[in-house]
Amino acid sequence: MRQVLQNKLSSTNQGEIISRWEKLSLPEQNLIEKQLESVDLELVASLYQKRNQTISLPDIRKIETVPVLNPSSNSIEAKMEGLRSLEQGEVAILMVAGGQGSRLGTMQPKGMWPITPITQKSLFQLHSEKILAISRKVNRDIPFLIMTSPATHEQTLEFFHAQRFFGLKRDQVFFFTQGTMPAVDINTGAILFEEPSKIFTSPDGHGGTLTALKNSGLLENLKVKGIRHIFFFQVDNPLVQIADPVFIGHHISQKSQLSSKVIPKESPTDKLGNFIQVNGRCQIIEYSDLPLELANRKKPDNTLFISAGNPAIHLFDIEFLDDICLNAKALPFHLARKKVPYLDSNLKRVIPEKENALKFERFIFDIFPFAEKWLLVSTSKEEEFAPLKNATGEDSPETAKLAQCKLFTKWLEKAGITCPNDANTPEIEICPLFAIDTEEFLQRLPKNFNPKYPLLME
Ligand code: UTP
């Protein structure tokens, strides 16, 4: 081992790598050296050192509730402004799809999961069809940026190619890959190995979007193309109203640098990020970091003091994003304790029974406090948030499918059609290419429509 590397490993608490060195072949040693070049060993050491520090929360006396705009006011003007911006090619759409879907327990990218209630379209297809529908509506191929990670990249790309980009133009879709961070042993801080010559790494969190967008050159390309706003969403939410013109319109008219949709929390401990305001700036506290006392605090009218939940639907002003990218390294890392199988120093595989590893992730919403001008717009869980996180129980395929059926039931009811009044929600699937929102649905629905269930409208 080169002396420089040896010194670096010793000074950053990675002596364990030195001791396993002799057990490896020369090609294996070379491979590890190569991987270590892209690991910031000092950063890993300092994150490990600070592992027991809790996230620093603002002074509780300075925390205020956030103002949330109800979009029904001025929504016609806002919608027109949003459509104008889309028509003039000012908007790009960014989907983060680099997560490993470990809770769902899938070996494939989560976006490949069949999610629609009847035809079992994948999340990738559903989102692509929404983008195709809105592109047709505004007569403009809206750029669709997809962030993958080394864990999801190949399969995502293959899937899009095999499915012919779901009707989108090939040159409308841009893939870029986020970075990774090594996982370390919880007790020693030593970097874990998944193979003799392979460090265990995982995607560096959706906050990795910033560095990846900048490093890929895409951000610059978008600016050159005249893009001014980026609509951000997560692959695992089938209900998201992609590039909602009303949301875009409000964001533009308020000259907001960073806007977000907000859903009301149902209970103090909902598993949602919490929007708060401190000294005029907005920030989000993860549910796991929200002290119970604060979570339970009530306003005089007995409603929750902290009631604005984060469904991870954002709009970024591109200049703001560009500035933030320069400071992307200033965003904090969040630690997650996970079970990670690894090779011990004798190269023997260990399958842990309890959490043995620390993973490090940056979160996109940590950029909120940087925005001087920000805007929160209300939506509801029923209309826009049905995340796919777990294999069963809450936030599972079952709940995500049911949420779609319930939403479409509402659309039918708006058209004056009463759905069967039994305990089970009827199976309904409305393809985005038939209608992307209630308004379009009402326009396209044939007169005297008499639905039969399961109901598929394509
Ligand atoms: P989550 O952390 O909720 O889901 O990410 P996950 O990573 O897919 O699944 P688990 O946590 O392993 O069970 C929310 C969204 O952020 C994206 C995911 O793809 C998902 O759309 N994400 C997450 C990334 O793009 N990169 C990451 O490093 C982490």
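For the structure itself, look to the data block above.
Residues numbered from 1 in each chain as written. Predicted model: local features only at pLDDT ≥ 70, side-chain atom pairs only at ≥ 80, totals over all residues. Heavy atoms only, no water.

Comments concerning the overall build of the chain
A tally of helices and strands in the chain yields 15 helices and 22 strands. Dimensions of the chain along its principal axes, counting C-alpha atoms only, are 80 × 55 × 50 Å. The buried share of the chain, taken over its 458 residues, is 52%. Considering only contacts within the chain whose residues lie at least 6 apart along the sequence, 75% involve residues at least 24 apart. About 21,800 Å² of surface is accessible on the chain, with carbon and sulfur atoms providing 49% of the total. A gap of 1 Å separates the mean positions of the 53 positive and 55 negative side-chain charges of the chain. (Helix = DSSP H or I, 4+ residues; strand = E, 2+ residues; numbered from the N terminus. Buried < 20%, exposed > 50% of the residue type's maximum accessible area, 1.4 Å probe, protein only. Contact = heavy atoms within 4.5 Å. Areas by Shrake-Rupley, 256 points an atom, 1.4 Å probe, with all protein chains shown as cover. Lys, Arg positive; Asp, Glu negative; His and termini not counted. Charge placed at Lys NZ, Arg CZ, Asp CG, Glu CD.)

Details of the environment of Thr188
You can see Thr188 is positioned in the loop between strand S6 (184–185) and strand S7 (193–195). Residue Thr188 is classed as partly exposed on the basis of its relative accessible area, which comes to 43%. Taking the C-alpha atoms as reference points, Thr188 and Ala357, separated by 169 residues in sequence, lie 9.7 Å from one another.

Some remarks on the nonpolar core
Judged by nonpolar contacts, the single largest core of 41 residues is most densely connected at Leu86, Ile93, Phe124, Phe144 and Phe231. For this core, the element with the highest residue contribution is helix H6 (residues 123–138), accounting for seven residues. By size, the runner-up hydrophobic cluster in this structure holds 39 residues, among which are Val96, Leu258, Phe275 and Ile284. (Core = buried A, V, L, I, M, F, W, Y, C linked by side-chain atoms within 4.5 Å.)

Concerning the site of the ligand
Lining the immediate surroundings of the ligand are 19 residues, of which Ser102, Arg103, Gln178, Gly205 and Lys389 lie closest. Within the backbone of Val96, an N or O atom sits 2.9 Å from an oxygen atom of the ligand. Contact distances for the ligand include 2.5 Å between an oxygen atom and a side-chain N or O atom of Ser102. In isolation the ligand exposes 550 Å². Once the protein is present, 91% of that is buried. (Near = heavy atom within 4 Å. Polar contact = N/O pair within 3.5 Å; in protein donor to acceptor, adjacent residues only side chain to side chain.)

Brief notes about the pattern of salt bridges
Two side chains of opposite charge can pair, provided their charged atoms sit close to one another. One pass over the structure, following the stated rule, counts 23 salt bridges. Between Glu33 and Arg2 there is a salt bridge whose closest N-O contact spans 3.0 Å. With Glu33 in helix H3 (residues 26–37) and Arg2 in the segment before helix H1 (3–11), this residue pair connects regions lying 31 residues apart in the sequence. Residue Arg2 is classed as partly exposed on the basis of its relative accessible area of 45%. Note that Lys223 is salt-bridged to Glu319, the shortest N-O span being 3.9 Å. (Salt bridge = Lys/Arg side-chain N within 4 Å of Asp/Glu carboxyl O.)

Some words on helix H5 (residues 75–87)
In this model, H5 (13 residues) spans 18 Å end to end at C-alpha, consistent with the 18 Å of a helix rising 1.5 Å per residue. If you follow the buried residues of H5, they end up packed against strand S2 (91–96), H6, strand S10 (229–234), helix H10 (245–253) and helix H15 (438–444). Taken from the residues just after H5, Gly89 is the one with a positive phi, measuring 70 degrees. (Expected span 1.5 Å × (residues − 1).)

Thoughts on the pairing of strand S13 (residues 281–285)
Sheet topology note: the strand S12 (residues 273–278)/S13 ladder contains five bridges and is antiparallel. Directly across from Ile276, in S13, lies its bridge partner Gln283. In sequence, S12 turns back onto S13 through a hairpin of two residues, with Asn279 there showing a positive phi of about 50 degrees. (Pairing = 2+ DSSP bridges.)

Details of the environment of Asp236
In this fold, Asp236 is placed in the loop between S10 and H10. In this structure Asp236 comes out as buried when scored by relative accessible area, which is 7%. The spatial distance from the C-alpha of Asp236 to the C-alpha of Leu123 is 7.1 Å, given a sequence separation of 113 residues. Among all residues touching Asp236, those that are not within four sequence positions of it are Lys110, Leu123, Ala386, Pro387, Leu388 and Lys389.

Side note on the sheet that holds S6
Strand order in this open sheet of three strands is S6-S19-S16, and the pairing throughout is antiparallel. Strands at the two margins of the open sheet, each flanked by one partner only, are S6 and strand S16 (334–338). By the bridge criterion, five bridges tie S16 to strand S19 (residues 357–361) in an arrangement that is antiparallel. Bridging across to S19, His334 finds its partner in Glu361.

Looking at the packing of aromatic side chains
Following the criterion strictly, the structure yields 15 aromatic pairs and no others. Pairing Phe232 with Phe316 gives two aromatic rings, centres 5.7 Å apart and planes at 70 degrees, and the pair type is edge-to-face. Here the residue Phe232 occupies a position in strand S10, and Phe316 occupies one in strand S15 (residues 314–317), the gap between them amounting to 84 residues. Both residues of the pair, Phe232 and Phe316, belong to the buried class. (Phe/Tyr/Trp six-rings, centres within 6.5 Å; stacked < 30°, edge-to-face > 60°.)

Things to note about unusual backbone geometry
Residue Pro454 follows Tyr453 across a cis peptide bond; omega there is -5 degrees. Structurally, the position occupied by Pro454 is in the loop between H15 and strand S22 (455–457). Its identity as a non-glycine residue notwithstanding, Ala243 has a phi of 55 degrees, on the positive side. In this structure, Ala243 sits in the loop between S10 and H10. Under the relative-accessibility criterion, Ala243 is labelled buried at 0%. For Asp395, which is not glycine, the phi dihedral falls at a positive 50 degrees. Here Asp395 shows up in the loop between helix H13 (381–384) and helix H14 (397–414).

Section: the packing of H5 against H6
Running from N to C, H5 and H6 point in directions that differ by 90 degrees, and their axes come no closer than 9 Å. In this view, H5 runs roughly perpendicular relative to H6, as classed from their interaxial angle. Residues Leu83, Leu86 and Glu87 of H5 lie in contact with H6, whose contacting residues are Ile134, Lys137 and Val138. A per-class count over the contact of H5 with H6 returns four nonpolar, no polar and two charged. (Axes fitted to C-alpha atoms, helices over the stretch in contact; angles between N-to-C directions. Parallel < 35°, antiparallel > 145°, perpendicular 65-115°, else oblique. Nonpolar A, V, L, I, M, F, W, Y, C, P; charged D, E, K, R; others polar.)

Just geometry here; none of it tells us what the structure is for.
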